[in-house]
Amino acid sequence: MLFRSFVSVENNFSLYAGLQLLERTLSGTLQADASIGSAGRKRIGSAQQALAVLLRGGTLPDGRQTAGLEAFLREHAWKDGSFVQGGRANAPDAGAAWVPTSGPRAVDVVTWGIATLGAAEIDARHGAGSAICAWEDLKRWGGYGKGKRLLGVGYSDVDGNGVDANGDYRDAILSSEWTAGAITAVREMIAYYGAQAATEESGRWLAELREDEASMLEGLDRKSTRLNSSHLVISYAVFCLKK
């Protein structure tokens, strides 16, 4: 059952990324294009003000107040060491302004959260190593692979993937699209942790992340060779990785 008050955290990460891109595009356009007249600059300025309110809070055009998308993601998207799939917001019968869902756990909300917010932001908010710990947790319930080798991810914790009692990966469902998203998240963490002061722990993290990147690329390559190259999901995944 889908409640009218249900809020998807993953989709809000997508919205957050899109609004940030739009904000930067508008700012860059104003700086680079001297041919824009006063009327055009005014319209762009109004759009920038609206984006700032949506992202960082303020007064909406209808007079309502909002804390902004950044505040929502900071205060409500993270729970018990990872990102929640979603929850109910301002539901009259919920007993609280925000009630997060307990399941199922979604792969893409974790990977997209890491890719969108960045490991630096996540670790600053929730403690050093929080981003990679969320990724390691995801692999235990959402990783797809053979033996000890991770080859990709599925969709959720009810796919039949994850790690068994012997520490071996199960191979129930592989999502090419979401594996591409996982590789993007892993690359973000490699860039961040690789720029930190070298320690034994950070060295271990980097080695594990680089192995995950390589093995998931291998997993996508294996799948793509078994399908027609025009297959929509494979083509989309490859496009995302090339970008």
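Up top is the structure.
Residues numbered from 1 in each chain as written. Predicted model: local features only at pLDDT ≥ 70, side-chain atom pairs only at ≥ 80, totals over all residues. Heavy atoms only, no water.

Caption draft 1: Local environment of the overall build of the protein chain. Counting secondary structure elements, the protein chain contains 9 helices and 9 strands. Across the 243 residues of the protein chain, 43% fall into the buried class. Long-range contacts, defined as pairs at least 24 residues apart, comprise 58% of the intrachain contacts of the protein chain with a sequence gap of at least 6. About 13,100 Å² of surface is accessible on the protein chain, with carbon and sulfur atoms providing 53% of the total. Between the centroid of the 26 positive side chains of the protein chain and the centroid of its 28 negative side chains there is a distance of 5 Å. (Helix = DSSP H or I, 4+ residues; strand = E, 2+ residues; numbered from the N terminus. Buried < 20%, exposed > 50% of the residue type's maximum accessible area, 1.4 Å probe, protein only. Contact = heavy atoms within 4.5 Å. Areas by Shrake-Rupley, 256 points an atom, 1.4 Å probe, with all protein chains shown as cover. Lys, Arg positive; Asp, Glu negative; His and termini not counted. Charge placed at Lys NZ, Arg CZ, Asp CG, Glu CD.)

Caption draft 2: Representation of the packing of aromatic side chains in the model. Under the criterion given, the structure shown has 6 aromatic pairs. Measuring from ring centre to ring centre gives 4.9 Å for Trp78 and Phe83, while their planes differ by 85°; the resulting arrangement is edge-to-face. Here Phe83 falls in the buried class, since its relative accessible area comes to 8%. Ring centres 5.0 Å apart and planes at 65° place the aromatic pair Tyr155 and Trp178 in the edge-to-face group. You can see Tyr155 sitting in the loop between β9 (149-153) and α7 (176-194) and its partner Trp178 sitting in helix α7, a full 23 residues away along the chain. The exposure class of Tyr155 is partly exposed, given its relative accessible area of 38%. Judged by relative accessible area, which is 19%, Trp178 ranks as buried. Members of the aromatic cluster, each reached through a chain of ring pairs, are Phe13, Trp78 and Phe83. (Phe/Tyr/Trp six-rings, centres within 6.5 Å; stacked < 30°, edge-to-face > 60°.)

Caption draft 3: Representation of the nonpolar core within the structure. Counting residues in hydrophobic clusters, the biggest one holds 50 residues, and the most contacted among them are Trp135, Met189 and Tyr193. With 9 residues, the top contributor of residues to this core is α7. Every residue in contact with Trp135, bar those within four places of it in the chain, is listed here: Thr111, Ile114, Leu150, Val153, Ala182, Val186, Met189, Leu209, Asp212 and Met216. (Core = buried A, V, L, I, M, F, W, Y, C linked by side-chain atoms within 4.5 Å.)

Caption draft 4: Highlighting the pairing of β9. For β9, the buried fraction is high: 4 of the 5 residues fall into the buried class. Looking at chain direction, strand β8 (residues 143-146) and β9 are connected through 4 bridges and run antiparallel. Looking at the pairing, Tyr144 lines up with Gly152 of β9. What sits between the antiparallel neighbours β8 and β9 is a turn of 2 residues, in which Gly147 has the positive phi angle 60°. (Pairing = 2+ DSSP bridges.)

Caption draft 5: A look at the environment of Ala47. Along the polypeptide, Ala47 turns up in helix α2 (residues 38-56). Through-space distance from the C-alpha of Ala47 to that of Glu23 is 8.5 Å; in sequence the pair is 24 residues apart.

Caption draft 6: Layout of the side chain of Asp159. Following the sequence through the fold, Asp159 ends up in the loop between β9 and α7. Within the structure, the side chain of Asp159 is placed 2.9 Å from the backbone nitrogen of Ser156, a separation counted as a polar contact. (Polar contact = N/O pair within 3.5 Å; in protein donor to acceptor, adjacent residues only side chain to side chain.)

Caption draft 7: Just the environment of Ala39, in detail. Mapped onto the elements, Ala39 comes out in helix α2. Residue Ala39 is classed as partly exposed on the basis of its relative accessible area, which comes to 46%. Along the chain, Ala39 and Arg187 lie 148 residues apart, while their C-alpha atoms are 42 Å from each other.

Caption draft 8: Focus on the environment of Asp168. Within the secondary structure, Asp168 sits in the loop between β9 and α7. Residue Asp168 is classed as partly exposed on the basis of its relative accessible area of 22%. Considered as a pair, Asp168 and Gly147 are 21 residues apart in the sequence and their alpha carbons are 4.6 Å apart. In this structure the side chain of Asp168 is engaged in a polar contact, spanning 2.6 Å, whose partner is the side chain of Lys148.

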